[in-house]
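# Understanding the architecture of this molecule
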Amino acid sequence: MGTLKLLTIAAAAFSALLAPAPDTDEDCGNEVCVYGTGGGAGTWKPGERMSRGKRNKEAKANRKRKDVALNVVLEGGRGSVFVDGRYLATSGDHAQRGVKPGRHEIEVRDAGQVITFGVLVVSRKATAVALVVHADR
Amino acid sequence: MTPSAALAKGGHSPEDAAAQREQIEAGLAQDPRAAVAALRDAGEELGDPELFLLAATRARDEARSSRDPELALEAESLALVAQDIGSYLSDDDNYSATDWRPVTRDRAADLAGEAGSLATQAHELAEEIEAERAAAAAAAERARLESLANADKPKRELKPGTGLIAGGSVALAVGASGIGLLGAGIAMGQANQREAESLSLPAELARLEELDRKGATANTLAYVGGAVAAVGVGVGVALIVVGVKKRKAAGPQEQAHVHMSGWFDHNGGGLALQGRF
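Residues numbered from 1 in each chain as written. Chains lettered and ligands numbered in written order. Predicted model: local features only at pLDDT ≥ 70, side-chain atom pairs only at ≥ 80, totals over all residues.

### Notes on the overall build of chain A
Per the secondary structure count, chain A includes 2 helices and 10 strands. What you see in chain A, going N to C, is helices and strands ordered as α-β-β-β-α-β-β-β-β-β-β-β. Across chain A, contacts joining residues at least 24 apart in sequence account for 63% of those joining residues at least 6 apart. (Helix = DSSP H or I, 4+ residues; strand = E, 2+ residues; numbered from the N terminus. Contact = placed C-beta atoms within 7 Å.)

### Concerning the overall build of chain B
A tally of regular secondary structure across chain B gives 8 helices and 2 strands. Taken from N to C terminus, the helices and strands of chain B fall in the order α-α-α-α-α-α-α-α-β-β. At a minimum sequence separation of 6, the contacts of chain B that also span at least 24 residues come to 70%.

### Focus: the sheet that holds strand E5 (residues 80-83) of chain A
Across a sheet, strands are paired by hydrogen bonds formed along the backbone, either parallel or antiparallel in direction. All names here are of chain A. Strand order across the open sheet formed by 5 strands is E3-E9-E8-E5-E6, with antiparallel pairing between neighbours. Looking at which strands have only one partner, the edges of the open sheet turn out to be strand E3 (42-46) and strand E6 (86-88). Adjacent strand axes in the sheet meet at a mean angle of 30 degrees when their direction is disregarded. The sheet contact formed by E5 and E6 spans 3 bridges and is antiparallel. Bridging across to E6, Phe82 finds its partner in Tyr87. (Pairing = 2+ DSSP bridges. Axes fitted to C-alpha atoms, helices over the stretch in contact; angles between N-to-C directions.)

### Brief notes about the environment of Gln121(B)
Note that Gln121(B) resides in helix H6 (residues 105-152). Put simply, Gln121(B) and Glu76(B) are 45 residues apart on the chain and 7.9 Å apart in space, counted from C-alpha to C-alpha.

### Brief notes about the interface of chain A and chain B
Across the boundary between the two partners, chain A contributes 30 residues, which contact 23 residues of chain B. Put simply, the parts of the chain that give the side of chain A that touches chain B at least two residues each are helix H2 (52-61), E5, E6, strand E7 (96-99) and strand E8 (102-110) of chain A. Counting residues per element, the side of chain A that touches chain B draws most heavily on E7(A), which supplies 4 residues. Broken down by class, the residue content of the side of chain A that touches chain B amounts to 8 nonpolar, 9 polar and 13 charged. (Nonpolar A, V, L, I, M, F, W, Y, C, P; charged D, E, K, R; others polar.)

### Observations regarding the nonpolar core
All names here are of chain B. One finds Ala56, Ala79 and Ala82 to be the most contacted residues of the largest nonpolar core, which totals 62 residues. Among the elements that take part in this core, helix H4 (residues 69-89) stands out by supplying 11 residues, more than any other. Apart from the residues lying within four places of it in its own chain, the contact partners of Ala56 are Ala75, Leu78, Ala79, Ala82, Ala115, Leu118 and Ala122. Counting residues in hydrophobic clusters, the runner-up holds 12 residues, among them Ala171, Ala176, Leu182 and Ala229. (Core = buried A, V, L, I, M, F, W, Y, C linked by C-beta atoms within 7 Å. Buried ≥ 20, exposed ≤ 12 C-beta atoms within 10 Å, placed from the backbone.)

### So, helix H8 (residues 205-250) of chain B
When the terminal C-alpha atoms of H8(B) are compared, their 67 Å separation across 46 residues agrees well with the 68 Å that a helix rising 1.5 Å per residue should span. What H8(B) keeps buried is the set Ala218(B), Gly225(B), Ala229(B), Gly232(B), Val233(B), Gly236(B), Leu239(B), Ile240(B), Gly243(B), Val244(B) and Arg247(B). (Expected span 1.5 Å × (residues − 1).)

### Details of the environment of Thr127(A)
Residue and element names in this part refer to chain A. On the secondary structure map, Thr127 appears in the loop between strand E9 (113-122) and strand E10 (128-134). Of the residues examined, Thr127 has 16 C-beta atoms within 10 Å and is grouped as partly exposed. As for Thr127 and Thr37, which are separated by 90 residues in sequence, their C-alpha atoms are 5.7 Å apart. Apart from residues no more than four positions distant in its own chain, Thr127 is found in contact with Thr37, Gly38 and Val68.

### A look at the confidence of the model for chain A
Mean pLDDT over chain A works out to 84, with 82% of the residues at or above the 70 mark. Low pLDDT, under 50, characterises residues 1-22 of chain A; the stretch is placed with 1 contact to residues that sit more than four places away or in other chains. (pLDDT = per-residue confidence, 0-100.)

### Observations concerning the pairing of strand E2 (residues 32-37) of chain A
All names here are of chain A. A one-sided burial pattern is seen for E2, the buried positions being Val32, Val34 and Gly36 and the unburied ones Cys33, Tyr35 and Thr37. Of the strand pairs in this sheet, E2 and E10 are connected by 6 bridges, and their pairing is antiparallel. Bridging from a neighbouring strand, Thr37 pairs with Ala128 of E10.

### Describing the confidence of the model for chain B
Residue and element names in this part refer to chain B. Mean pLDDT over chain B: 86, with 86% of residues reaching 70 or higher. pLDDT under 50 marks residues 1-9. Its contacts with residues more than four places away, or in other chains, come to 21 contacts. In the model output, the complex is listed with pTM 0.64 alongside ipTM 0.81.

### Some details on the pairing of strand E4 (residues 68-75) of chain A
All names here are of chain A. Side chains of E4 alternate between two faces, with Val68, Leu70, Val72 and Leu74 buried and Ala69, Asn71, Val73 and Glu75 left unburied. Where E4 lies against E7, 4 bridges are found, and the strand directions are antiparallel. Bridging from a neighbouring strand, Asn71 pairs with Gln96 of E7. With 7 bridges connecting them, E4 and E10 associate as parallel partners. The residue of E10 that forms the bridge with Asn71 is Ala130.

### Looking at the packing of helix H2 (residues 32-46) of chain B against helix H3 (residues 49-66) of chain B
Residues and elements named next belong to chain B. Packing of H2 against H3 brings their axes to within 8 Å, and their N-to-C directions diverge by 160 degrees. Taken as axis vectors, H2 and H3 run roughly antiparallel relative to one another. Seen from above, H2 lies across H3 with left-handed handedness. Listed contacts from H3 to Pro32, Arg33, Ala35, Val36, Leu39, Arg40, Ala42, Gly43 and Leu46 of H2 are Leu51, Phe52, Leu54, Ala55, Arg58, Ala59 and Glu62. A breakdown of the residues in the contact of H2 with H3 according to their chemical character gives 11 nonpolar, 1 polar and 4 charged. (Parallel < 35°, antiparallel > 145°, perpendicular 65-115°, else oblique. Left-handed = near helix turned anticlockwise from the far one by under 90°.)

### As for unusual backbone geometry
What is expected of a backbone is that most residues other than glycine have negative phi and most peptide bonds are trans. Residues and elements named next belong to chain A. Positive phi, normally seen in glycine, also occurs at Asp84, with a value near 50 degrees. Among the secondary structure elements, Asp84 is positioned in the loop between E5 and E6. In the Ramachandran plot, Ala111 falls in the positive-phi region, its phi being about 55 degrees despite a non-glycine side chain. Within the fold, Ala111 resides in the loop between E8 and E9.

Have a look at this one:
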């Protein structure tokens, strides 16, 4: 092994020691990306819906788990976000909502046009999850 | 600590939402902007489209009276959120799948329509106010440029002797009218004289006396006309001569001149005056 190669490996190892361990997890599809902290994020299942019964069942199953802070950010367009049927602001003091781990239906719409909808499965390990919707993709 | 999920507590009915709205509206500030901010905050917290619609209406009204385009755009943004929520809840599947129902489904559909119209109005209002501001700014800029141009432009100064020449011209015009009177008096007198000489006396003595009176009037007219003509022409010519001399003395670029001409014929006489001052 040459001297130059040894130096390169040593520099890479040193950099790795200095860099903080990442505390985020992500699942980024084409239009929607999910980011999370606390050791987990979640997964996005586009095009899925949840009936009222499924929502109630999911809520009952996870009622004793800790809340996860959920934010939904909309980029590249305007619209409003609905989490399990309820409006969630995308900015300001009320742009974060505590949700239980598990499945949550999310829809983003601009008036009569649905930009995207699907089910977000929030990881039990996550403490906070951010869903970023790229309306322009 | 994250906000607790109200959905997990059993949802929200149109009746609950109406009671909450009543409370919120009762506590609103008098200041329209503060009221809009409070309604927006409550709307974002509760997800109630009626609160967004109310906030949008108040913001639009205040923007209209205060001519504030930013507030008009905020009204549009609020109305669009109300439209989004109304549109979402007017969907049968969405409405039946949620426990969060701040309005009935029928009201949600109506509200979406109202909010859409309000958003359009607010957008047009913002454009109208911006156009007004642009026009006012353009007018102010035009006025500024005009005042700058006027400040740069030298004030028009009367050339030396202009007053004298103008006064002389007026006097000449008066003199010309005097010449006219003189001519008329002479002509009338001559006519009367010719007629008097042709009369057969003493048969036409009365006519002779009448012609004598007319002749006297004609003579008076001629004397007055002659006096006015003499004074007018004399004073006028003197003033113009002095004025032109003064102007010539001021500099070679001055090109003022006066040209006077007169005429007489069997109908009378006249005086023409041409000048450049």
